[in-house]
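Topology and contacts: notes
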Amino acid sequence: MKAHTRSYYVEIYPNEEQLVLIKKQLGCNRAVWNYLLGICINRWKAGRKIPSTYDLVKTLPKLKAKPEWEFLKEVDSDALQRSALDLGAAYQNFYASVTGRRRGPKIGLPRFKKKGRAETFTQPGRARIDLDRDAKTLKLGKHVDLKCRGTLPSEDAEIRRVSVTYNPVLNRSFASILVKENVTPLAQTGLDVGVDPGLKTLLTMVTSEDQHLAFNPKQRQELKELATRIARLQMWRSKKEKGSSRNVELKRKIAVLWYRIRCIRKDFTHKVTTKMVKIFDRIHIEDTKIKPMIANGGVRKKGLNRSIAQAALGEIKRQLLYKAVWYQKQVVLVSARNTSKTCNDCGTIFKNLTLAMRKWTCVDCGSEHDRDLNAARNILHLGYSVA
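Residues numbered from 1 in each chain as written. Predicted model: local features only at pLDDT ≥ 70, side-chain atom pairs only at ≥ 80, totals over all residues. Heavy atoms only, no water.

Comments concerning a positive patch on the surface
A cluster of basic residues, Arg111, Lys114, Arg117, Arg237, Lys242 and Lys251, forms a positive patch on the protein surface. One can find Arg117 in the loop between α3 (77-99) and β2 (119-124). By relative accessible area, which is 55% here, Arg117 ends up exposed. (Patch = residues over 30% accessible without salt bridge, like charges linked within 9 Å, V, L, I, M, F, W, Y side chains within 5 Å. Areas by Shrake-Rupley, 256 points an atom, 1.4 Å probe, with all protein chains shown as cover. Salt bridge = Lys/Arg side-chain N within 4 Å of Asp/Glu carboxyl O. Lys, Arg positive; Asp, Glu negative; His and termini not counted. Charge placed at Lys NZ, Arg CZ, Asp CG, Glu CD. Helix = DSSP H or I, 4+ residues; strand = E, 2+ residues; numbered from the N terminus. Buried < 20%, exposed > 50% of the residue type's maximum accessible area, 1.4 Å probe, protein only.)

Next comes the structure, spelled out in structure tokens:
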């Protein structure tokens, strides 16, 4: 067994007193963040150097000593310190993004936080954190015996930190528990698989024994209906006066529907990736680049772009990669170039294949192909050459 860093996401159910304490902690964190950010902005406008992360953390004891900031003593100091650390990290990420040292999309400057949005505070592992797995309760500093629902870490897990999120629109609270624990490798099955991600069929698979498998979310129709309801509610909300009770109520209903969609997608992706890692030893999958696909679609293909984004193909690939490391399996990324257009029997490329053509016949050998199964077979064979 090898120790890996894992995260457990559970929903917590605070009582009225605990919820007041959570809101107070979030409010104090927000006040500290805005105060320190104001100091950074003022020094930058004055042409002076922005305080370092260490200087920001040292400001907290002086801030607590002021009479108008005495309320900070009522909440956990570790979580307040984390706000200062997060602000310092935000500036470091901004500078790294501007100078090109940080990969990915460009990151902007930190901004002031305001009340009414989902907010999070974090407790480090050195704080008073305890899990009662039998009673399903979480003790977190001054937040005692928070009831929770979901899978909890094992008893030998080392808790690194816990982040608590409260969403005022949904009126629900969640906790993300980051731990380091031993993971038992899965048994070897001797099976390999080629996986072709798509939209009509989300995952088309061909195993090393030439068995065909296909995975689609069972709630695909429900997802479409939820998207239609959201569009209708958003249209109604656009006609309501901003800040009115009806506008707020519609905002809450839309947030509930989006939460339902997120839960369905998250449940499906985790279940299907875990099942694949359990069944197969080597998983060959297309190295699909999602952002260029959406960008190439442009405004004329908004429906196609939406379908690509909602398929969560990038998330499926991400989960396969880290779960394969956990359970000592192997994921091989294969170039997506011409996998559907190449004849699996003779290697001829059918250049005139369009997205509307689900089946096609090779002009050289006469073989009939289902485009998804043919792509999965090509990915399986290409994976061996890459590996």
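Examining the packing of aromatic side chains
Within the structure shown, the criterion is met by 8 aromatic pairs. Each ring, one from Phe94 and one from Tyr95, has its centre 5.4 Å from the other, and the planes form 55°; the classification is tilted. What makes Phe94 buried here is its relative accessible area of 17%. Since its relative accessible area comes to 38%, Tyr95 is described here as partly exposed. Grouping aromatic residues by their ring pairs yields a cluster made of Tyr9, Phe174 and Tyr259. The ring of Trp33 has Lys113 sitting right over it, with the charged end atom 4.3 Å from the ring centre. (Phe/Tyr/Trp six-rings, centres within 6.5 Å; stacked < 30°, edge-to-face > 60°. Lys NZ or Arg CZ within 6 Å of the ring centre and 35° of its normal.)

Topic: the packing of helix α1 (residues 16-45) against α3
One can describe the packing of α1 onto α3 by two numbers: an axis separation of 9 Å at closest approach and a directional angle of 40°. Here α1 is positioned oblique relative to α3, judged by the angle of their axes. Along this stretch, α1 crosses α3, giving a crossing that reads as right-handed. Seen from α1, the contacting residues are Gln25, Cys28, Asn29, Val32, Trp33, Leu36, Leu37, Cys40 and Ile41; seen from α3, they are Ala79, Leu80, Ser83, Ala84, Asp86, Leu87, Ala90 and Tyr91. Classifying every residue of the contact of α1 with α3 gives 13 nonpolar, 3 polar and 1 charged. (Axes fitted to C-alpha atoms, helices over the stretch in contact; angles between N-to-C directions. Parallel < 35°, antiparallel > 145°, perpendicular 65-115°, else oblique. Left-handed = near helix turned anticlockwise from the far one by under 90°. Contact = heavy atoms within 4.5 Å. Nonpolar A, V, L, I, M, F, W, Y, C, P; charged D, E, K, R; others polar.)

So, the sheet that holds strand β10 (residues 212-215)
Read across the open sheet, the 5 strands follow the order β10-β9-β8-β11-β12; overall the sheet is mixed. Of all the strands in the sheet, the pair left with one neighbour each is β10 and β12 (330-334). Across the sheet, the axes of successive neighbouring strands diverge by a mean angle of 20°, strand direction being ignored. In the sheet, strand β8 (residues 192-197) pairs with strand β9 (residues 203-207) via 5 bridges, with the strands oriented antiparallel. Opposite Val193, over in β9, you have Thr207 as the bridge partner. (Pairing = 2+ DSSP bridges.)

Side note on a nonpolar patch on the surface
On the surface, Leu199, Leu304 and Leu355 cluster together into a nonpolar patch covering about 260 Å² of accessible area. Tracing the chain through its elements places Leu304 in helix α7 (residues 302-310).

Considering the confidence of the model for the protein chain
Chain-level pLDDT for the protein chain is 88 on average; 97% of the residues reach the 70-or-more range. Looking at the elements of the protein chain, mean pLDDT is at its lowest for helix α6 (residues 290-297), recorded as 70, and at its highest for α1, recorded as 94. (pLDDT = per-residue confidence, 0-100.)

Brief notes about α3
Note that an α-helix has 3.6 residues per turn; residues three or four places apart therefore point the same way. With 23 residues, α3 should reach 33 Å at 1.5 Å per residue; the first-to-last C-alpha distance of 34 Å fits that figure. When we look at burial in α3, the residues that qualify are Asp78, Ala79, Leu80, Ser83, Ala84, Leu87, Gly88, Ala90, Tyr91, Phe94, Ala96 and Ser97. Buried positions along α3 lie against α1, α2 (53-65) and β2. Near the N-terminus of α3, the side chain that reaches the backbone nitrogen of Asp78, with its oxygen 3.0 Å away, is that of Asp76. At the C-terminal side of α3, Gly100 shows a positive phi close to 90°. (Expected span 1.5 Å × (residues − 1). Polar contact = N/O pair within 3.5 Å; in protein donor to acceptor, adjacent residues only side chain to side chain.)

Things to note about the side chain of Arg30
Structurally, Arg30 is set in helix α1. For Arg30, a relative accessible area of 14% translates into the label buried. Once residues within four sequence positions are removed from consideration, Arg30 is found in contact with Lys113, Lys114, Lys115 and Glu119.

Re the environment of Ala187
With respect to the helices and strands, Ala187 occurs in the loop between β7 (172-183) and β8. Through-space distance from the C-alpha of Ala187 to that of Gln328 is 9.1 Å; in sequence the pair is 141 residues apart. Leave out the neighbours within four places in its chain, and Ala187 touches Asp281 and Lys329.

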